[in-house]
Structure formats: C-alpha cells, structure tokens
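Structural overview for review
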Amino acid sequence: MKKRVAVLAGGLCLSICVAGTAVAENDSRIKDCESVAYGICAHLTGDEHSELVRSLRMMSAAGVEAVRTDFFWRDCDAGEGKFDFARFDSVVAEAERFGIVISPVIGAPPDRLGGRKCYPDSILDAWTAYVGAVAEHYKGRVSGYEIVNEADGVPSFKDPAV
C-alpha cells in the first residue's frame, strides 16, 4: 500500500489550493483552502472516477488535504438550463468522507455551445447560469472555485467586465 501511495503522490502534479473562502467563511464544517498544506490535481470526475474511493483513500494516506478536480459543464449538461450533478456529488461526498477539500475547476462548455475550449460571448448568459447553479448546489460544501481551466490561450470571453 505504501508503494502505491508514493506512486500516486509522486506521479500526480502537486497543486496549490488558491480558491477563496467566501461561501464557507462562517461554516466550521468546511476546511478552507487557505489552511491546506498539500494539494494535488486529479481528474476524479472524469477518467479516474471509477477509482474514486481508492484514489481518495491513497491521497488521504499520503497526507493530501485538497484536490483540484474538474467540474466541467459538458459533463453535467442536461440541456438548456438543466444540470445533472450526480457525478460531481459523488466526488464531493467521498472527499468529505476522507476529509479532503475539493477545489473544482469550472469550464468546458458542452458541444452544443461550442465545446470544451470555446467561450464565445454568445454563451455568456448560459455560462453565468451554469456557474451560479454550481455555486448554489455546493453552497456550504465547496469553499472556492477555479473559473475556466487553463484560460491562457483559450478563446474566451473578451469583455473586460467578465
């Protein structure tokens, strides 16, 4: 087991938890990202979801306190203004069970709106609805978010007000 933990900890890039704490500021049940010493990046809602419990158990054993993971719009899109958060819910619930903070990366619009790395101004209202729905759904359980994965070089909302 220790060998697998070392491989997991060494094989995944370490991540600094930079999310804010506005949502959970007064909720003592949520460990905010500012108090986290070690975080890791893993695709727990995607390819690694089938190994969710095993991965979180190994992270916990390695002393990992936070995980940066995808909460991609394309993965929960259920049609215009509708979202299926079941997969994300399972990740949040299991992470809570292991005492690991989730730092979600919100991004990747569904194909029907341009696809994973396309953020045209025409989808701004739908994007705003998605981000708001995620924040509301996880209020009190997630303390901060990374908005738009790897935004450098990605066709994105150009309006400086965004």
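About the criteria used
- Residues numbered from 1 in each chain as written.
- Predicted model: local features only at pLDDT ≥ 70, side-chain atom pairs only at ≥ 80, totals over all residues.
- Heavy atoms only, no water.
- Helix = DSSP H or I, 4+ residues; strand = E, 2+ residues; numbered from the N terminus.
- Expected span 1.5 Å × (residues − 1).
- Buried < 20%, exposed > 50% of the residue type's maximum accessible area, 1.4 Å probe, protein only.
- Contact = heavy atoms within 4.5 Å.
- Right-handed = clockwise from strand over helix to strand, strands pointing away.
- Pairing = 2+ DSSP bridges.
- Phe/Tyr/Trp six-rings, centres within 6.5 Å; stacked < 30°, edge-to-face > 60°.
- Arc of directions from axis to C-beta.
- pLDDT = per-residue confidence, 0-100.
- Salt bridge = Lys/Arg side-chain N within 4 Å of Asp/Glu carboxyl O.

Right, let's get into helix α3 (residues 86-97). Owing to its 3.6 residues per turn, the α-helix brings residues three or four apart onto one side. Helix length check: α3 (12 residues) gives 17 Å between terminal C-alpha atoms against 16 Å at 1.5 Å per residue, within 8%. Along α3, the positions that sit buried rather than exposed are Phe88, Val91, Val92, Glu94 and Ala95. Those residues of α3 that are buried are in contact with α2 (52-61), β3 (66-72), β4 (101-107) and α4 (124-137). Where α3 terminates, the next one or two residues include Gly99, which has phi positive at roughly 70°.

A separate point is the pairing of β4. Most of β4 is tucked away, with seven of its seven residues classed as buried. Here β4 shows a buried face lined by Val101, Ser103, Val105 and Gly107 and a second buried face lined by Ile102, Pro104 and Ile106. For the crossover from β3 across α3 to β4, the handedness is right-handed. The pairing of β4 with strand β5 (residues 146-147) spans two bridges and is classified as parallel. What sits directly across from Ile106, in β5, is Ile147.

With that out of the way, let us pick up the packing of aromatic side chains. Summed over the entire model, instances satisfying the criterion amount to nine aromatic pairs. Each ring, one from Trp73 and one from Tyr130, has its centre 5.3 Å from the other, and the planes form 5°; the classification is stacked. Pair noted here: Trp73 is in the loop between β3 and α3 and Tyr130 is in helix α4, with a separation of 57 residues, a long-range link. There is no split in this pair, since Trp73 and Tyr130 are both buried.

This part covers α2. Residues of α2 that are buried: Leu52, Ser55, Leu56, Met58 and Met59. Each buried residue of α2 lies within a common arc of 160° when the element is viewed along its axis, so the set occupies one face. Once α2 finishes, Gly63 follows within two positions and takes phi at roughly 85°, a positive value.

The bulk of non-glycine residues show a negative phi, and the bulk of peptide bonds are trans. With phi around 55°, Ala108 is a residue other than glycine that occupies positive phi space. Take Ala108: it is sitting in the loop between β4 and α4. Classification of Ala108 by relative accessible area gives buried; the value is 3%.

It is worth spelling out the environment of Arg68 at this point. With respect to the secondary-structure elements, Arg68 resides in strand β3. On the basis of relative accessible area, Arg68 is assigned to the buried category, the value being 16%. The spacing of Arg68 and Cys41 is 27 residues in sequence and 4.6 Å in space, taken between C-alpha atoms.

The predicted coordinates ought not to be read in detail in places where the model reports low pLDDT. Overall, the prediction assigns the chain a mean pLDDT of 77, with 69% of residues at 70 or greater. Averaged pLDDT values for the elements of the chain fall to 30 in strand β1 (residues 14-15) and rise to 97 in α3. Counting contacts from residues 1-30, a segment whose pLDDT is below 50, to residues more than four positions away or on other chains yields 50 contacts.

Once that is clear, we can look at the pattern of salt bridges. Applying the stated criterion to the full structure yields six salt bridges. Ionic pairing is found between Glu96 and Arg141, a salt bridge with its closest N-O pair at 2.8 Å. Of this pair, Glu96 sits in helix α3 while Arg141 sits in the loop between α4 and β5, placing them 45 residues apart in sequence. By relative accessible area, which is 32% here, Arg141 ends up partly exposed.

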